[in-house]
Amino acid sequence: MLRNIFNAFKNLRNIAIAISGTAALVAAVPAQAHTQCAPYAREVSGISLFGAAGGWWTQADGSYARGHTPRIGSVLAFRATHTMPSGHVATVSKVVDERHVLLDHANWSRPGMIEHSALAEDVSEKGDWSQVRVWYAPIHALGLRAAPAYGFIYNNAPDAPAKDATRLAMRD
């Protein structure tokens, strides 16, 4: 009987070691392991830019067309600010009208959270998407303040036609 108690204790000890090892492994995962906006936008849009989101606009110069009109699949590039030191990037999933789009993005409403069809509104005076309010899940509404944005990065070369552009056929 003493042997059975000893074996039960030994098994319990092994389980405790395994659990504590797993807990240590989970606790060791750095905060950066959360899905970040830049890798998510790169994967969804196919736009191959790297580094902090706030640098994408400059990086895109000469490699990708850029502008101030939303298109499906384009990336809305936000400027870095004191509250958003790395900037932010989000992919346009739907153009609702000239002042509203739906975005797919990560790491906006909370760390690592991926959001689909999040409403974004152009609140700039010129309608150039330089000031944008974005849906913020914790308050179930558009964010209380506008975020500064550069504009849209399109997934085509600067002089190439837009991927959603219509081409007219011509006879020879």
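Every chain begins its residue count from 1, and numbering advances along the sequence as written. Thresholds applied to this predicted model are a pLDDT of at least 70 for local features of residues and 80 or more for the giving and counting of side-chain atom pairs; totals over whole chains, interfaces and linings are not thresholded and use all residues. Excluded from the side-chain calculation are hydrogens and water; included are all heavy atoms of the structure.

Draft legend 1. Representation of the environment of Gly 51 in the model. The way it works is that DSSP assigns letters per residue, a run of H or I at least four long becomes a helix, a run of E at least two long becomes a strand, and they are numbered from the N terminus. With respect to the secondary-structure elements, Gly 51 resides in the loop between helix H2 (37-45) and helix H3 (56-60). Sequence spacing of Gly 51 and Ala 38 is 13 residues, and the spatial spacing of their C-alpha atoms is 7.4 Å.

Draft legend 2. Structural detail: the pairing of strand E6 (residues 131-136). When DSSP locates at least two bridges between a pair of strands, those strands are taken to pair. As defined by bridge partners, strand E5 (residues 114-122) adjoins E6 across 3 bridges and the pair is classed as antiparallel. Residue pairing for E6: Glu 121 is matched across the bridge by Arg 133. Looking at chain direction, E6 and strand E8 (residues 147-153) are connected through 2 bridges and run antiparallel. Each residue of the ladder has a partner; that of Gln 131, found in E8, is Pro 148. The antiparallel pairing of E6 with strand E7 (residues 141-142) creates a hairpin that spans 4 residues between the two strands, and His 140 there sits at a positive phi of about 55°.

Draft legend 3. Representation of unusual backbone geometry within the structure. Phi at Ser 117 takes a positive value of approximately 55°, unusual for a residue other than glycine. Within the secondary structure, Ser 117 sits in strand E5.

Draft legend 4. Geometry of the packing of aromatic side chains. Only rings of Phe, Tyr and Trp enter the pairing, Trp through its six-membered ring, and a pair is recorded when the two centres are within 6.5 Å. The plane angle decides the type: under 30 degrees is stacked, over 60 is edge-to-face, the rest tilted. Within this structure, the stated rule accounts for 3 aromatic pairs. Consider the rings of Trp 129 and Phe 152, whose centres lie 5.4 Å apart with planes at 75°: the pair is edge-to-face. Within this pair, whereas Trp 129 is found in the loop between E5 and E6, its partner Phe 152 is found in strand E8, the two being separated by 23 residues in sequence. Assigned by exposure class, Trp 129 and Phe 152 land together as buried. We count a charge as sitting over a ring when the NZ of a lysine or the CZ of an arginine lies within 6 Å of the ring centre and within 35 degrees of the ring normal. Directly above the aromatic system of Tyr 154 lies the positively charged group of Arg 71, at a separation of 3.8 Å from the ring centroid. Throughout this description, buried means an accessible area under 20% of the type-specific maximum (1.4 Å probe, protein chains only), exposed means over 50%, and partly exposed covers the range between.

Draft legend 5. Spotlight on the pattern of salt bridges. In the sections that follow, a salt bridge refers to a side-chain nitrogen of Lys or Arg positioned within 4 Å of a carboxyl oxygen of Asp or Glu. Tallying each qualifying case throughout the model produces 3 salt bridges. For the salt bridge of Asp 61 with Arg 66, the shortest nitrogen-to-oxygen distance reads 3.4 Å. What makes Asp 61 exposed here is its relative accessible area of 52%. Residue class for Arg 66 comes out partly exposed when judged on its relative accessible area of 32%. Residue Arg 133 is joined to Glu 121 by a salt bridge in which the shortest nitrogen-to-oxygen separation is 3.8 Å. Taken together, the residues span a long stretch of sequence, with Arg 133 in strand E6 and Glu 121 in strand E5 at a distance of 12 residues. The partly exposed category is assigned to Arg 133, whose relative accessible area is 25%.

Draft legend 6. Quick look at the nonpolar core. We call a set of buried residues a nonpolar core when its members are Ala, Val, Leu, Ile, Met, Phe, Trp, Tyr or Cys and they connect through side-chain atoms within 4.5 Å of each other. In this structure, Leu 76, Phe 78, Leu 103, Ala 120, Trp 129 and Val 132 are the most contacted members of the largest nonpolar core, which totals 16 residues. For this core, the secondary-structure elements that each account for two or more residues are strand E2 (75-78), strand E3 (88-97), strand E4 (100-106), E6 and E8. Among the elements that make up this core, the one with the highest residue count is E8 (3 residues). Formed by 15 residues, the second largest nonpolar core is a distinct cluster that contains Ala 41, Trp 57, Ala 60 and Val 89.

Draft legend 7. Broad picture of a nonpolar patch on the surface. Patch building starts from residues that exceed 30% relative accessible area and form no salt bridge, then joins like charges within 9 Å and nonpolar side chains (Val, Leu, Ile, Met, Phe, Trp, Tyr) within 5 Å. Per-residue and other accessible areas were derived by the Shrake-Rupley procedure at a 1.4 Å probe size, with only the shown protein chains allowed to occlude residues. Among the surface-exposed residues, Tyr 136, Ile 139 and Leu 144 lie close enough to one another that they form a single nonpolar patch of about 320 Å² accessible area. Residue placement: Leu 144 occurs in the loop between E7 and E8.

Draft legend 8. Seen up close, the confidence of the model for the chain. Confidence of the predictor in every single residue is expressed as pLDDT, which spans 0 to 100. In this model, the chain carries a mean pLDDT of 83, and residues with pLDDT of at least 70 account for 73%. Taken as a whole, residues 8-32 scores under 50 in pLDDT and shows 0 contacts with residues more than four places along the chain or in a different chain. Across residues 165-172, confidence stays below pLDDT 50; counting only partners more than four residues off in sequence or on other chains, it has 1 contact. By definition in these notes, contact holds between two residues if any of their heavy atoms fall within 4.5 Å.

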